[in-house]
Every structure is written in structure tokens, then in C-alpha cells.
Amino acid sequence: MDGLLKNFLKENVKPVNKTHEFKKDFVLMIDFFNMVSPMMLEEDTMIVLLNDEMRIGSICLDEKNNQSLYQKQVLNLKCKKTKENMFTETFDKTNIYCCISKEFVEPYYKNKYRFAIISLEANGQYRKVEKLNDAIIKLLGNNFDKNSFTEKLLMYLDSVDDGISACDSNGVIHYINKSACKMIEAKKEELINKQLDTIAPTAILAQVIKSGKTHMDFEYFLEYNNKTFHFINSAYAVYDENNKIVGAIDIFRRIKRSMKLANELAGYEAIYKFENFIGSSKVFYECKELAKRFARSDKNILILGESGTGKELFAQAIHNHSNRRIGPFVAINCASFPKDLFDSELFGYDEGAFTGARKGGKVGKFELANGGTLFLDEIGEMPIHMQAKLLRVLEDKSITRVGSNKKREVNVRIVAATNRNLEYMVKSNNFRSDLYYRLKVLFLKLPPLAHREKDIIELSNHFINRVSKENRRKIKGLDIEAKELLLNYDWPGNIRELENIIELSLFVCDGEYITQEELLRVGLEVKNDDATPKIGGTKKLSEINQGIILETLEKTKGNKRKAAEILGISRNTIYRTLKKCNN
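From a predicted model like this one, the values you see are computed outputs, not experimental measurements.

A. Here's a closer look at the overall build of the protein. Along the protein, the regular secondary structure elements total 23 helices and 25 strands. Counting over 583 residues, the protein shows a buried share of 46%. Put simply, the protein shows about 31,700 Å² of open surface, and 49% of that area lies on carbon and sulfur atoms.

B. Looking closely at the sheet that holds strand 19 (residues 373–377). Ordered in space as 16-19-22-15-23, the five strands form an open sheet in which the pairing is parallel. Each end of this open sheet is capped by a strand with a single partner; those strands are strand 16 (329–333) and strand 23 (442–445). On average, each strand axis in the sheet is tilted by 15° relative to the strand beside it, whichever way the strands run.

C. Just the packing of helix 12 (residues 339–347) against helix 14 (residues 384–396), in detail. In the contact formed by helix 12 and helix 14, the axes pass within 10 Å of each other and the chain directions differ by 15°. Between helix 12 and helix 14, the angle falls in the class roughly parallel. Crossing angle aside, the handedness with which helix 12 passes helix 14 is right-handed. Residues Lys339, Phe342, Asp343, Leu346 and Phe347 of helix 12 pack against His385, Met386, Lys389 and Val393 of helix 14. Here the residues of the contact of helix 12 with helix 14 are counted per class, giving five nonpolar, one polar and three charged.

D. Inspection of the environment of asparagine 488 at higher detail. Secondary-structure assignment places asparagine 488 in the loop between helix 18 (480–487) and helix 19 (494–508). Assessed through its relative accessible area of 14%, asparagine 488 is described here as buried. Measuring from C-alpha to C-alpha, the distance between asparagine 488 and arginine 571 comes to 7.4 Å, with 83 residues separating the pair along the chain. Within polar-contact distance, the side chain of asparagine 488 engages the backbone oxygen of glutamate 484 at 2.7 Å.

E. Region of interest: the sheet that holds strand 11 (residues 173–176). Pairing in this open sheet of five strands is antiparallel, and the strands run 11-10-14-13-12 from one edge to the other. Both outer strands of the open sheet, strand 11 and strand 12 (215–224), are each paired with one neighbouring strand and no more. With direction set aside, neighbouring strand axes in the sheet form an average angle of 30°. Across nine bridges, strand 13 (residues 227–239) lies against strand 14 (residues 245–254) in antiparallel orientation. Paired with phenylalanine 231 across the bridge in strand 14 is arginine 254. The strands touched by helix 8 (residues 204–211) within the sheet are strand 10 (163–168), strand 12, strand 13 and strand 14, with strand 14 carrying the most contacts at an inclination of about 145°.

F. Up close: the pairing of strand 12. Where strand 12 and strand 13 come together, eight bridges link them in antiparallel fashion. Bridge pairing in strand 13 places tyrosine 224 opposite lysine 227.

G. Local environment of helix 11 (residues 311–321). Counted residue by residue, helix 11 has eight buried out of eleven residues, so it is predominantly covered. Within the sequence span of helix 11, burial applies to Lys311, Phe314, Ala315, Gln316, Ala317, Ile318, His319 and Asn320.

H. Region of the structure containing the packing of helix 17 (residues 453–470) against helix 19. Across the interface, helix 17 lies against helix 19 with an axial gap of 9 Å and an inter-helix angle of 45°. With respect to their mutual orientation, helix 17 and helix 19 come out oblique. In the packing of helix 17 onto helix 19, the handedness of the crossing is right-handed. Between helix 17 and helix 19, the contacting residues are Ile456, Leu459, Ser460, Phe463, Ile464, Arg466, Val467 and Ser468 on the first element and Ile495, Leu498, Glu499, Ile502, Glu503 and Leu506 on the second.

I. Highlighting the nonpolar core. In this structure, Leu346, Phe366, Leu374, Leu376 and Ile379 are the most contacted members of the largest nonpolar core, which totals 32 residues. The dominant element in this core, judged by the number of residues it contributes, is helix 14, at five residues. Sequence-distant contacts of isoleucine 379, that is, excluding residues within four places in its chain, are made with Leu302, Cys334, Leu390, Ala416, Ala417, Thr418, Leu422, Phe431 and Leu439. Membership of the second largest hydrophobic core comes to 28 residues, among which are Ala180, Ile184, Leu196 and Phe231.

J. Here's a closer look at the pattern of salt bridges. In total, this model carries 20 salt bridges according to the counting rule given. As a salt-bridge pair, aspartate 162 and arginine 253 come within 3.2 Å of each other at their nearest N and O atoms. Of the two residues, aspartate 162 sits in the loop between helix 4 (144–159) and strand 10 while arginine 253 sits in strand 14, which places them 91 residues apart along the sequence. Between arginine 432 and aspartate 434 there is a salt bridge, with its nearest N and O atoms 2.8 Å apart. Using a relative accessible area of 32% as the deciding quantity, one classes aspartate 434 as partly exposed.

K. Representation of the confidence of the model for the protein in the model. Chain-level statistics for the protein give a pLDDT mean of 77 and a share of 67% at 70 or above. Across the protein, the secondary-structure element scoring lowest on mean pLDDT is strand 4 (residues 67–68), at 50, and the one scoring highest is strand 15 (residues 301–304), at 95. Below pLDDT 50 for its whole length, residues 62–67 participates in 15 contacts with residues either more than four positions away or in separate chains.

L. The arrangement of the pairing of strand 23 in detail. Burial of the side chains of strand 23 is restricted to one face: Leu442 and Leu444 are buried, whereas none of Phe443 and Lys445 on the reverse face is. Pairing of strand 15 with strand 23 involves four bridges; the strand directions are parallel. When the sheet's bridge partners are listed, leucine 302 is paired in strand 23 with phenylalanine 443.

M. Just the side chain of glutamine 387, in detail. One can find glutamine 387 in helix 14. Judged by relative accessible area, glutamine 387 falls into the buried class, the value being 0%.

N. Spotlight on a nonpolar patch on the surface. Residues Leu153, Met155 and Tyr156 make up a contiguous nonpolar surface patch of roughly 310 Å² in combined accessible area. Of the residues examined, tyrosine 156 reaches a relative accessible area of 49% and is grouped as partly exposed.

O. How the structure looks around helix 12. Among the residues of helix 12, Phe342, Asp343, Ser344, Glu345, Leu346 and Phe347 are the ones counted as buried. Glycine 348 lies just past helix 12 and shows a positive phi near 80°.

P. Examining the environment of aspartate 250 more closely. Of note, aspartate 250 is situated in strand 14. Excluding its chain neighbours within four sequence positions, the residues that come into contact with aspartate 250 are Gly163, Ile164, Ser165, Ile204, Leu205, Asn233, Ser234 and Ala235. Among the polar contacts made by the side chain of aspartate 250, one reaches the side chain of serine 165 at a distance of 2.4 Å. A polar atom in the side chain of aspartate 250 sits 3.2 Å from the side chain of asparagine 233.

Cut-offs used in this document
Residues numbered from 1 in each chain as written. Predicted model: local features only at pLDDT ≥ 70, side-chain atom pairs only at ≥ 80, totals over all residues. Heavy atoms only, no water. Helix = DSSP H or I, 4+ residues; strand = E, 2+ residues; numbered from the N terminus. Buried < 20%, exposed > 50% of the residue type's maximum accessible area, 1.4 Å probe, protein only. Areas by Shrake-Rupley, 256 points an atom, 1.4 Å probe, with all protein chains shown as cover. Pairing = 2+ DSSP bridges. Axes fitted to C-alpha atoms, helices over the stretch in contact; angles between N-to-C directions. Parallel < 35°, antiparallel > 145°, perpendicular 65-115°, else oblique. Left-handed = near helix turned anticlockwise from the far one by under 90°. Contact = heavy atoms within 4.5 Å. Nonpolar A, V, L, I, M, F, W, Y, C, P; charged D, E, K, R; others polar. Polar contact = N/O pair within 3.5 Å; in protein donor to acceptor, adjacent residues only side chain to side chain. Core = buried A, V, L, I, M, F, W, Y, C linked by side-chain atoms within 4.5 Å. Salt bridge = Lys/Arg side-chain N within 4 Å of Asp/Glu carboxyl O. pLDDT = per-residue confidence, 0-100. Patch = residues over 30% accessible without salt bridge, like charges linked within 9 Å, V, L, I, M, F, W, Y side chains within 5 Å.

Following this line, the structure appears as C-alpha cells:
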């Protein structure tokens, strides 16, 4: 730089008063000079970027566009307006000519900035400076839309809930959005222009730059500021037009959010609530009220009941009635997995844990249920070696994936269910007693449908209405004989069997009401009521003489229930016999 310019800076650039501070990060101002750098500046000319208060932001020194950053400095200029878009001042003593643009460098900075052109005075100097001034203004105008979009794009990225960060080929962070900063509990100033390996040694971006490989949807542990953060991440290398790596970018989200999305896609959610239950019998009402009380606790629950009594429905309702309702509900049937796969299904596995293991590993049911409820159906079928591992998880509140030695904390409430007699299994050493009592903190026994006689017709009508709407049928309900047949059946398959029978009956029903004949046609078997005394056990119609039935009815004065008890047959057998006799 010419000596005159050096002297000018020395005399006119003064430190700012301590009470005044720049509001903008002046490193960003270099972008302005990067934009005007194609214009070759002579050594006797420099460009100064100023804020509203005429403080220096940056100075362009020479034709090579070497930049020097002046922060918190004041350029003492007293300018007079000479043209519509320029302020000028000539310093006679120093022969320095200064032109300050009236135009604001607006699309690039939220605060308003101006640029000044300072040059040696000579013949035609004014015209040269004016031409340069106009060129810069034109350049700003041409780039307005581009830079305005860039600024908006950064605003858009800041509003995204996923974390986004980017670095150059040297591993220097140049961008990180607000969500990423929030996730790792940091401020942007702590990270921008910092070297990755100095602040986050485990950062995936450094690996991507070295390898050039893309990593999609992998589990990611980031260590920063003596803390470990758990994410699901995707990282990509960025290439220029010559296929050279110029940087890397990654997009990540909290593991809990990813788990929630995975649970929703996989259907890991509780649908049923206590309000959805049908039945007004006393035994069912008491069972439902007890389950509501249990739901308010965070203790483990054991549900016992015959197959088809609604154990999983109760488990879902308990989850939806608890303070874990916003968390996942994950169900697993302990009888549906081979013994050698049970560990990986419950606890997950790391990549390479065994032959055929999925790349990147797999999350187990315990981790999927973190923060919610894990329903272990058919717990009585769980292998004995798994019972010991489950007990350890219940005690330690942590799991270890297959092929890993790293413990992962889990916050899961266990609801277990079975139709087997666990007490008998404990005595016969087929079920661990310590696990049994750990699960049976709260105990719920569901009544079989045969003990809910008042609910049978109510449930039947519900199934009729639902299936009729689904199949566009106009079935009004059950006739009297059909109702009596349902009430006298012992329902070994419970509610599930009732639902199947009703659904099948609707397909063969020709009238407005389902009849006894139609129920028998779809496979409803005539069985004894186990609660009543029997003579001779169960008998087929062909084995009993119609005359004996009629004779017994005569002795009981037409009391069909009493006649059925004496003969050891069901009442619908008597009804069918009478109908045949009348034909």
C-alpha cells in the first residue's frame, strides 16, 4: 500500500469508545469482499466497509484482495454530498480522495452497512472512483436475489427440528443450526469456525471427509463437553464439479424421536382404553376398576386369564390410563420366538454380533419401549435362561445388546400376561420364583366369559352392529332362542370365540335376526354347563331317546333347565328335539 494511504489510516482510524460495541460479527463482512474480489483494485485504492456509525468493519488493501480486519475502530470522516448516490471528501493535505456510497449493503447483513472507496487523488481519479462505486452497486443488485434466498434458506434450516451441521474439507465447522445446538447443549459461537477434532473427537463428519462414504440412518453417539448424546444420524460427503471432496454435512435427530416414529410405523401403540370396554357385569366392573388403580402406579403388573379374555386389551388400557400414555406400547409374544433369537429380540444386537446380523445392528424391544410399557404376552412360555436375564433387567433398569459390553439404561414398565398356572410352574421348577414375585407386584385375574353371563348378549350386539356396518348388512340382533343358546354355552374360547361365532353367523343369516339354527350351522357346539351337576356326562342327541326327553320334561312339569340337568344335556338339545317333534 502507498505510504499516503498508510498515513491516512494511521491518522484517521481511531479505537472506538469502550461504551460502543459492534453488534455484528465482522468476520461475516469478509463475504462482501469475496464478492467484489474479481474487480482488480490498484495498490493506491482500498475499499472500507462501514456500519451506520461510520465504524470500520473491514478493509480491502490491494489488487490481490488481501484482507485485514479492523474491529471496534472508528474512521473519522466528514463527508459532503456531491452526487445523488455518493458522499465525497477530499483531504487536501494528504491528497487522499474518499467516496462513501449512500447505498446500504443490505441483502448480506441484518444491520445496515455502507462501503467507502478511498484512493489517491490524481487526474481522472474521481471518474475512476465513481465507476468503481457504480460497479459495486450493480454487483450488489445482481446478487440481491441470490443472497436474499441464502439468508432465507438459513432461516428455514434453523426452523427444522432435526440437527444439521456442515464442515469444510479441513474439518472446520462452517454451519450448525439451532436445533443441533439445542440437542448438544451448546451455542453457535462455541462451534462455528472450530476444528471438529478439538471439540468433538467422535464426530462422524471427520470420518466422512476421510472416507468419502455416505452413512445412512445409523445409531450415533456424539461426545461433546464431557457428555454423550444419542442420535440417529445420516452423513454425506459434499463434492465439487471436479468430484473432489469440499466438505461434509450430517442430519441427525434424538434417538427418542426416532424410536417414537419407528414405533408408530410398526404399530407399537396402545389403541384400547377402559372406555372402550363392553360389559356391565359386577365381576367385570370390579376387575376394570382394579386395573385403573394399578395404572396409576408404576409397578409391574401380572395379568392372568384364559385365552381370549382380553389380557392384551387390558394391558393397552392400563398403559393409556397411566402417566406413560405418551410413550410407546410394545408387545411381544414370548411363545412366538425360537430360543436362540429371544435375546436379540428383547435386547437387540450390535453389528457383527453373529452371522447374518443386520448391518448397523438392531434395536431390541426394551429400547423401543423406553419411556413406555413393554407387554410380555405368554410369559409362561419364556425360556428359563431368558427369565434370569429379564430379572436382571428389572433389577438394574439397564440392558446390554448381544455382541456389546455397553450398558444402556431403560425406563420401562412391564405388564406380563399368561393363561398358565405360574404357581404350579414355580413348584415344578419351570418358572423362576424370584421372577414370578418380581412380576406379581400387582396382580389382576380376568374372569372367563362364562362368569360374565350378563355381558354375553351385550358383547354379541356390539359385534353384530360392527360387522353389519362393515358388510352393509341390516341385522337387528339375536332372536330369543339364539340368546338362550349363547347364555347356556360355556365359551371355552371366551370373547374371541364369541366374536368369531357372531361374525360367521352374519354370513349365513337370511333374516333380520340371527337364529339358533344359524348359530349351530356355523359350528357352535352344544356342551354341558360345567357349573351344573350331570348324569352320564355329555351325550349326543342320537344316544338319547326322544321319548326319554319328553318323559323327563313331563316329570319336571316342562322345566327345560331342570330336565337338561337331570339328563346331562344342554337346553338347546331339548329345544331342537321339541322342534323336530312338532314338525
